[in-house]
Each structure stands twice: as C-alpha cells, then as structure tokens.
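Okay, here's what each chain looks like letter by letter:
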Amino acid sequence: MDDWDDGAAAPTQSIGVRAEGGKKFSSGRGFKAVESNDDDWGTSNSGDTGFGGSGGGGGGWNNDDQSSDNFRSNNRGRGGRGGRGGGRGEGRGRGGGGRGGGFRDRDGDRNGNENGYGGRSNGGGGGGGWGDSGGSKSNEWGDSGGQSNDGWGGDSGGKSDSWGGGNDDEGSGGRGRGRGGRGGGDRGRGRGRGGGGFRGDRDGEDGGFGGGGGDGENKEEVKREIYVPVERTADEDLFTSTISSGINFIKLDDIEVNVSGEDVPPPMMSFEAAGLRPHLLENVKKSGYLKPTPIQKYAVPIIMGGRDLMGCAQTGSGKTAAFLLPMINKLLSSQEGPVVDGSTSQPRVVIVSPTRELAIQIYEQAKKFAYNSIVKTVVAYGGTSVSYQKNHVLAGCHILVATPGRLLDFVKRGHVSFASLQYFVLDEADRMLDMGFLPNVEQMLGDASMTATGERQTLMFSATFPEQIQHLAGKFLHNYVFICVGIVGSASTDVEQVVFQVSKFDKREKLISMLKEGNKERTVVFVETKRNADFLATLLSENDIKTTSIHGDRLQREREQALWDFKKGICNILVATGVAARGLDIEGIQHVINYDLPNSIDEYVHRIGRTGRVGNRGKATSFFDSAHDSNLAPEISKILKQAGQEVPEWLSSGGFSAGGSDSFGGRDIRGGDFGRAQNFGAQPAEQEEEQW
Ligand SMILES: Nc1ncnc2c1ncn2[C@@H]1O[C@H](COP(=O)(O)OP(=O)(O)OP(=O)(O)O)[C@@H](O)[C@H]1O
C-alpha cells in the first residue's frame, strides 16, 4: 500500500465499507492541536477537493503529555486510532471506523528510546466507537469511546485512559465497526457517516483496521499536531553527516556512460577543472569529495552550459551534488540576493522531492555546499507548521526545496511565485511524473508565474526512468541532454542481493533470527503496509531488538525522530514502508531486508539502494513469497543478472526471459540523432589499492 506523503493529488485509499445510515453529530472534537494556529489549520484544509476524510473516527490519541514523544507509561499507548476525522470547518467526512490495533506499551521500561514501541494490545475499531476485538476486552473500547456520542472524536489531550487504557491483552486483529466517525478538528463541525472496519486476520496479520474512508468533502487530512521542525544538524556538522566513499568508489569509473542530445558539452575530469568558484570548491573539498562521480562529471558541465537534462545513474552515485553544484555556482557568480516581492518569495531554484525526509536531506546538502555564502536555502514540506515554514520562505531564499503539496499550497496562497525561477529540479523524477504526482507537477509548471521552458532550466534525475515516463518528461524539457550511467534501472553492483523463498507464515521467525544473527548491523526492513510496520517494530522491540519505524501514518515529529534514532544508532533497525525507499542517504546501512517485496522492480532497485552507496558494499535480502511475488520473479532475475550476481534456479525458472534493457528505459527514447548516443565508454580506472 502506497503511503507517499504530501501529494495533494495522491489518491486516498479507502479500505472501509461504507455503512448505511450513519449518525450525525453536530459538534465534536477530533485531534487536539498542540498549539492552535489559525493559519495552520486553515491551510491544512485548503487543498483541492476530492478526497475527503480518510476515515470518520477521529479517534482519541492517547497521549496525555503532548510535549513528549513518549508512549511509555500507562496511558501512552495509542488508543485505537480512529480514522481521520472528516475535517474541520465545512469539512464533512463520511468515515469509517477507526483503525483497530492501537498499540499500547505494556512495559515502558523496556523501551529505551523515545519512539519506543511497547507491547501489543489490539483494540477494536478505534475511532468507530465500538469495536469488538479479537482476543481483547473489546467492550471497553465501546464503553469508553463509543457510547457517548460526544466521544467519537475523542479529546486527544484529555481523558485518554478511556481510549488507550483498558486493553492489556494481546489479541490479533481488532474488528472495528465504525459507527459514524465524527469528523472535525477542534474547531470544526464535521459530519461523519461511518463505515465498518475490517477485522484483522486471525492468522497473524495483526490489528484490524477500520474503514478508511468515506467520500467526505473535507479538503485534506486533518493534521494531528502542529510541528515546528527541529534542525538537528548544526551547519558545520553537515560536512560529516553524509556517507564517506568506499573502496569501490573508483570502480564507478568503469561504468559505461551514454550521453545523447545536441552539442553536448564535454565532461569534466575534476571539480577544479569545471571552473567552479573557489568558495564552492572549498566546500566540496570539506565534504570529502576528492573526485567527481560519473554522473557529476557529465551533468555539471551540461548544467553549467545552460542545458536541460534528464540524468539517470545508480542509487548512491552522487546525483544530488550533480545538480546542486552547478546551480549554486551560478547563484554565487551572480551575487544577487533573494527576491521577495511584497509578501511573495521568488526563489531562483526550486527542487521538488516526493518525500519529506528526502526534501530535508537535499536541503541539508544544499546548505552544506552553500555554507558561509550568500546563498540561502529553505525547505518546505507537509506535516509541519505552515506559518513557521512560510515565515522562512518569506524571509527570502535562493533555493527552495519542497514536497509538492506544501509547495503548491504556498503558490496558491501567493507566498511563492516562480517569476524569478532559473532552475526547476525534479529529484526522483520518474516518481514525480507517475500518476500520483503528475497533476502536481503539471500545476507547478503550468502556473501563471512560471518562467517559460527555455528561459528556465529543467533538470530531472533518478536511478530509474521507465520509457513511458521519459516520454512524458520530454514535454517539460527543452532541447535536453540525456545522460545514462550504466543501464537505467539497474542496481548497484556493490549490493550483494540474496533472495530466499519464505512463505508469509515464516517471515517473522526468519526475520528475527536473521536480525539476531546480524549482530546489530544497521538494517532497514521494508514492509508493504503501515500497519505491518507498526506491528513488526513492536514485535522486534519485544524481542529485545532495538527498532524504530517510519511510515506515512506517523506524525512528522515521530518520523524525524525515528530517522534520527536510526542514524545515531539508538535503534539499529528501521522498519519502513515505501516512504523510505528513495533517496535516503544514511551512513552505515549494511543491510536492507525486503520483508515484503514491493510491487514494482523500480521500487526494489531504490529500496536496496539504501545500502551499497558511493563505493561501499552492502547486502540486500528479499523474502520471496511465491504466492504473492511470482510476477516479480523475471524482473528480479534480470536485475540480479545485470549486477553480475547469481540467479537462483527456482527464481529464473519462474518465467524469466532475458531481454534488452528497454523496459527499464535504458536508452534515450527520442531515437534518431538524439537517440544515437555518444558512447563515452568506461573511463580508465585508476590503479585500485585494494581488490575484493
Ligand atoms: N564525488 C563524491 N565523492 C565522495 N562522496 C560523494 C561524491 N558525490 C556524492 N558523494 C556522497 O555519496 C552519497 C550518495 O550521494 P547521493 O545521495 O547524491 O546519491 P544519489 O545518486 O542521489 O542516490 P539515490 O538514487 O539513492 O537518491 C552521499 O553521502 C554524498 O555525500
């Protein structure tokens, strides 16, 4: 299940069954904001119409201590979290029952970290009032939440006992029957009609979940708290916060590079040779970059030459610096300050990323390269205080890094205009141009203030770039150059890929034994659903494996804390949904485990690319459940083969037929002269110091 955040147009999943004849409530309280702020609330409801409350319940968050991230003591469990309320103000949601399977910490002391997960307790349908939960004292849920009509939304700050407390017992999935979730934030009136929840499987798919959703008219999800992001890394520390190149760095030069387009500028052989400004060169050196990677060698001169670009290169091969360096160089050369026209900020560079954490990371990289210079960088992304980020944007910035929803919101409100834009960058461009985000990108590029194609430079980067997306991308680019380092969509050869056949019933045991054997290797475990991410994180914590999790249902504050805990080694295991598959660059990830394989091979390539970066070696293990994953067998076989790795017989006999790289978009789709790539071949590798 996809859980990409922040796409205003991203579809909301509906999992509930709509009940007929729900009950109306005239007022109520949903999630309680930590701090009230008109602007924030207003904004959170100002998006496009279309997808209403993703649920009705608005279940009470059982977090007495709003200032803490702590779920440890008696009331810290999240009581069954209801579906999200049907919005505030005019928002009307028809929602389902809440999500069952709230979890509650039974033993706070065992969880040493702030985001710690406690024991399992599965409540029934959370938001939806009375859930009958498998194995637990379900009636308590109903009593506490549902019977009082007023209790649907739950006062998140208040009597949380009634929501979170009560159910100590373990049990598998709750069966939530949502009865008319009542929408609404603190100050709104919502109307809800509830849908029934789902009952959790008894076979171990824990946690029933409630109906997700009605078709309310609420504009966007109600935010659950207003979060002012914490800048955790001091500017000086940015230089050491990325990954040091590994022993195979030099081998990147062996990868064949194809470049196509008209009058392509020649590659640079060193950062010094590119003509970058001394201040920038100093910051590059301070970052520990001695030599450019292949994508940097080609992309930097092309961007400096004023060209549009579609760049494809493997995960962890330095694409971020490939676009940041030439842009920052230009900003430094012009020496112009940020443009703010009245109450509208006009950045010169806009970089759009599909996830919030990736936006933060790009922002930090930009700040690092622009360190101690006039170039100002700002980040804006969902799940955070709008007014806080708006103030930063309006203070003026050269570079704005943003997720699409928040950016469009700022554009709509007139806080941001593209009138002075020189560069428009789509990172993870294939993702930005797929069905979920394409309307957002079209809106940005079609905005009345947007500089014309040809006047601005448009740059797109990714490790995967299917041909149909290339076709689509072409219409936003002007006489562009296409660079392809290696085969587009191929995995880094520095990642050792192992695929095991594991049925869904054996996955947990296998995972636990593997992690215990792994001796605290820093590991990302990818799962398909948010629910399972929570469940597994809890399970692993119970097994004394320090674990945290990241997925789209966690508060932004929790997401950032989770990544921080993982980066700092407070938790060595990160259980993640696809939200962490792309772009994240975390030092020391030794192992990626696909507990659940993704639905697409591109996603597989991005996920395993969280390890084996910039010449470091890594390992990726995938649990292949033939009942579910057989359609991926040929493509995984192909990826393994391309990376020069052994393909298990059972996998290849599942229908694998070797073909060209076309389905991965391994060539410039323009064909003709453009498609006639100049093959720059492999660069002569310098003498390696160490063989492996
Ligand atoms: N020339 C270089 N020398 C040394 N390290 C580098 C160099 N270029 C980039 N790096 C480092 O390599 C790591 C990976 O870079 P980056 O995140 O840009 O990869 P990417 O190609 O964008 O990967 P992904 O496709 O996963 O997003 C970062 O930690 C970055 O600081």
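Remember, predicted model here, so these are calculated numbers, not experimental data.

**Structural notes on the overall build of the protein**
No. 1: Along its length, the protein carries 20 helices and 21 strands.
No. 2: For the protein, contacts bridging at least 24 residues in sequence account for 80% of all contacts bridging at least 6.
No. 3: On the protein, roughly 25,000 Å² of surface is accessible, and the fraction owed to carbon and sulfur atoms is 46%.

**Overview of the packing of aromatic side chains**
Centre-to-centre distance and the angle between the planes together describe a pair of aromatic rings.
No. 1: Evaluation of the coordinates by the stated rule reveals six aromatic pairs.
No. 2: Ring geometry for phenylalanine 239 and tyrosine 371: centres 5.3 Å apart, planes at 80°, overall edge-to-face. Pair noted here: phenylalanine 239 is in the loop between β4 (195–199) and β5 (257–260) and tyrosine 371 is in the loop between α7 (356–369) and β10 (377–380), with a separation of 132 residues, a long-range link. Here the two residues phenylalanine 239 and tyrosine 371 agree in accessibility, since each one is buried.

**Overview of the packing of helix α16 (residues 601–608) against helix α18 (residues 633–642)**
No. 1: Packing of α16 against α18 leaves a shortest axis separation of 10 Å and a crossing angle of 45°. It follows from the interaxial angle that α16 and α18 lie oblique. Considering only the axes of α16 and α18, their crossing is right-handed. Two secondary-structure elements touch here, α16 through Ile601, Tyr604 and Val605 and α18 through Glu635, Ile636 and Ile639.

**Observations concerning the environment of leucine 276**
No. 1: Counting through the fold element by element, leucine 276 comes out in the loop between β5 and α4 (278–286).
No. 2: Ignoring any residue separated from it by four or fewer positions in sequence, one finds leucine 276 in contact with Phe271, Leu281, Val300, Met304, Leu325 and Asn329.

**Focus: the pattern of salt bridges**
No. 1: According to the stated counting rule, one finds 19 salt bridges in the structure shown.
No. 2: Of the charged contacts in the structure, one is a salt bridge between lysine 297 and aspartate 253, with a shortest N-O distance of 2.9 Å. With lysine 297 in helix α5 (residues 294–304) and aspartate 253 in the loop between β4 and β5, this residue pair connects regions lying 44 residues apart in the sequence.
No. 3: Residue lysine 297 is classed as buried on the basis of its relative accessible area of 3%.
No. 4: A salt bridge links aspartate 585 to arginine 613, with the nearest nitrogen and oxygen atoms 2.7 Å apart. Of this pair, aspartate 585 sits in the loop between β18 (573–576) and β19 (591–594) while arginine 613 sits in the loop between α16 and β20 (618–624), and the two are 28 residues apart along the sequence.
No. 5: For aspartate 585, a relative accessible area of 16% puts it in the buried group.

**Concerning the UniProt feature "domain: DEAD-box RNA helicase Q" (unreviewed entry) in the protein**
No. 1: In this numbering, the UniProt entry assigns the feature "domain: DEAD-box RNA helicase Q" (unreviewed entry) to residues 269–297.
No. 2: The distance separating the terminal C-alpha atoms of residues 269–297 is 6 Å; by composition the span is 45% helix and 0% strand.

**A short note on the side chain of threonine 233**
No. 1: Secondary-structure assignment places threonine 233 in the loop between β4 and β5.
No. 2: Apart from residues no more than four positions distant in its own chain, threonine 233 is found in contact with Leu238, Ser241, Glu364 and Trp564.

**Overview of helix α15 (residues 556–567)**
Think of an α-helix as turning once every 3.6 residues; residues three or four places apart then point the same way.
No. 1: End to end, α15 covers 16 Å across 12 residues, agreeing with the expected 16 Å (1.5 Å per residue, within 8%).
No. 2: Counted residue by residue, α15 has 10 buried out of 12 residues, so it is predominantly covered.
No. 3: Tucked inside the fold, the buried residues of α15 contact α7, β16 (523–526), β17 (547–550) and β18.
No. 4: Phi turns positive, to about 80°, at glycine 569, one or two residues after α15.

**Focus: the environment of glycine 405**
No. 1: Structurally, the position occupied by glycine 405 is in helix α9 (residues 404–412).
No. 2: Taking the relative accessible area as the measure of exposure, glycine 405 reaches 18% and is therefore buried.
No. 3: For glycine 405 and leucine 276, which are 129 residues apart along the polypeptide, the C-alpha to C-alpha distance reads 34 Å.

**Here we look at the site of the ligand**
No. 1: Close to the ligand lie 22 residues, the nearest being Tyr289, Lys319, Thr320, Asp585 and Arg613.
No. 2: Considered on its own, the ligand offers 650 Å² of accessible surface; in the complex 98% of this is hidden by protein.
No. 3: Split by residue class, the shell around the ligand holds six nonpolar, 10 polar and six charged.

**Observations regarding the sheet that holds strand β15 (residues 495–501)**
The strands making up a sheet associate through backbone hydrogen bonding, with each pair oriented either parallel or antiparallel.
No. 1: On the basis of which strands lie adjacent, the open sheet formed by six strands has the order β15-β20-β19-β16-β18-β17 and parallel pairing. One side of each edge strand has no neighbouring strand; the edge strands of this open sheet are β15 and β17. Going across the sheet, the axis of each strand differs from the next one's by a mean of 20°, ignoring polarity.
No. 2: In terms of strand pairing, β16 meets β18 through four bridges, oriented parallel. The residue of β18 that forms the bridge with valine 525 is valine 575.
No. 3: Seen against the sheet, α16 touches β15, β16, β19 and β20 and runs at an angle of roughly 150° to β19.

**Quick look at the nonpolar core**
No. 1: Ranked by size, the top nonpolar core spans 54 residues in total, and within it Phe323, Ile351 and Ile483 carry the most contacts.
No. 2: Top element by residues in this core is helix α6 (residues 319–334). It accounts for nine residues.
No. 3: Membership of the second largest hydrophobic core comes to 39 residues, among which are Phe418, Met432, Met444 and Leu477.

**Regarding α9**
No. 1: With eight of its nine residues buried, α9 lies for the most part within the structure.
No. 2: Just past α9, the residue glycine 414 takes up positive phi, approximately 80°.

**Some points on the confidence of the model for the protein**
No. 1: For the protein, per-residue confidence averages 72 on the pLDDT scale, and residues scoring 70 or more make up 62% of the total.
No. 2: Low pLDDT (under 50) marks residues 1–223, which in the prediction has 635 contacts with non-local residues, meaning those over four places away or in another chain.
No. 3: Contacts for the low-pLDDT stretch residues 655–665, under 50 throughout, to residues beyond four places or in other chains number 28 contacts.
No. 4: In the model output, the complex is listed with pTM 0.71 alongside ipTM 1.00.

**Comments concerning unusual backbone geometry**
No. 1: Residue aspartate 544 is not a glycine yet carries a positive backbone phi of 60°.
No. 2: Mapped onto the secondary structure, aspartate 544 falls in the loop between α14 (530–542) and β17.
No. 3: Here valine 614, not a glycine, exhibits a phi torsion of approximately 30°, which is positive.
No. 4: Residue placement: valine 614 occurs in the loop between α16 and β20.
No. 5: Using a relative accessible area of 15% as the deciding quantity, one classes valine 614 as buried.

**Comments concerning the pairing of β17**
Look at any regular strand and the pattern is simple: side chains alternate between the two faces of the sheet.
No. 1: Burial along β17 is two-sided: the residues Thr547 and Ser549 and Thr548 and Ile550 are all buried.
No. 2: Across four bridges, β17 lies against β18 in parallel orientation. Note on β18: the bridge partner recorded for threonine 547 is isoleucine 573.
No. 3: A crossover connection joins β17 to the parallel β18 through α15; in handedness this β-α-β unit is right-handed.

**Description of the pairing of β16**
No. 1: Burial along β16 is two-sided: the face carrying Thr523 and Val525 and the face carrying Val524 and Phe526 are both buried.
No. 2: With four bridges joining them, β16 and β19 adopt parallel strand pairing. In the strand pairing of β19, valine 525 is matched with isoleucine 593.

Calculation rules
Position numbers for residues start from 1 in each chain and track the written sequence from start to end. Only residues with pLDDT of at least 70 are given local features in this predicted model, and only at 80 or more are side-chain atom pairs given and counted; all residues enter the totals for whole chains, interfaces and linings. To obtain the side-chain values, all non-hydrogen atoms of the structure were included, while hydrogens and water were left out. Helix numbers and strand numbers start at the N terminus; a helix is a DSSP run of H or I with at least 4 residues, a strand a run of E with at least 2. In this analysis, two residues are considered to be in contact whenever any of their non-hydrogen atoms come within 4.5 Å of each other. What sets the accessible areas is the Shrake-Rupley method with a 1.4 Å probe; for residues, cover comes only from the shown protein chains. The rule is short: rings of Phe, Tyr and Trp, with Trp giving its six-membered ring, pair when the centres are within 6.5 Å, and they are stacked under 30 degrees, edge-to-face over 60, tilted in between. A 1.4 Å probe rolled over the protein chains alone gives each residue an accessible area, and that area as a share of the maximum for its type sets the label: buried under 20%, exposed over 50%, partly exposed in between. Lines fitted to C-alpha atoms define the axes, with helix axes restricted to the stretch in contact, and inter-axis angles between N-to-C directions lie between 0 and 180 degrees. Orientation is classified from the angle alone, with under 35 degrees giving roughly parallel, over 145 giving roughly antiparallel, 65 to 115 giving roughly perpendicular, and any other angle giving oblique. In a left-handed crossing the near helix is turned counterclockwise from the far helix by less than a right angle, and in a right-handed crossing that turn is clockwise. By salt bridge we mean one thing: a side-chain nitrogen of Lys or Arg within 4 Å of a carboxyl oxygen of Asp or Glu. UniProt positions are given in the numbering used here, feature names are shortened, and annotations may be inferred rather than shown by experiment. Expected span, for any helix, means 1.5 Å times one less than how many residues it has. For each residue, the test is whether any non-hydrogen atom lies within 4 Å of the molecule or strand; if one does, the residue is near. Classification used: nonpolar for Ala, Val, Leu, Ile, Met, Phe, Trp, Tyr, Cys and Pro, charged for Asp, Glu, Lys and Arg, polar for all others including Gly. Paired strands are those between which DSSP finds at least two bridges. Residues grouped as a nonpolar core are buried Ala, Val, Leu, Ile, Met, Phe, Trp, Tyr and Cys residues, joined through side-chain atoms within 4.5 Å. Confidence scores here are pLDDT values: one per residue, from the predictor, ranging 0 to 100. By convention, orient the strands away from the viewer: a clockwise path from the first strand over the helix to the second makes the crossover right-handed.

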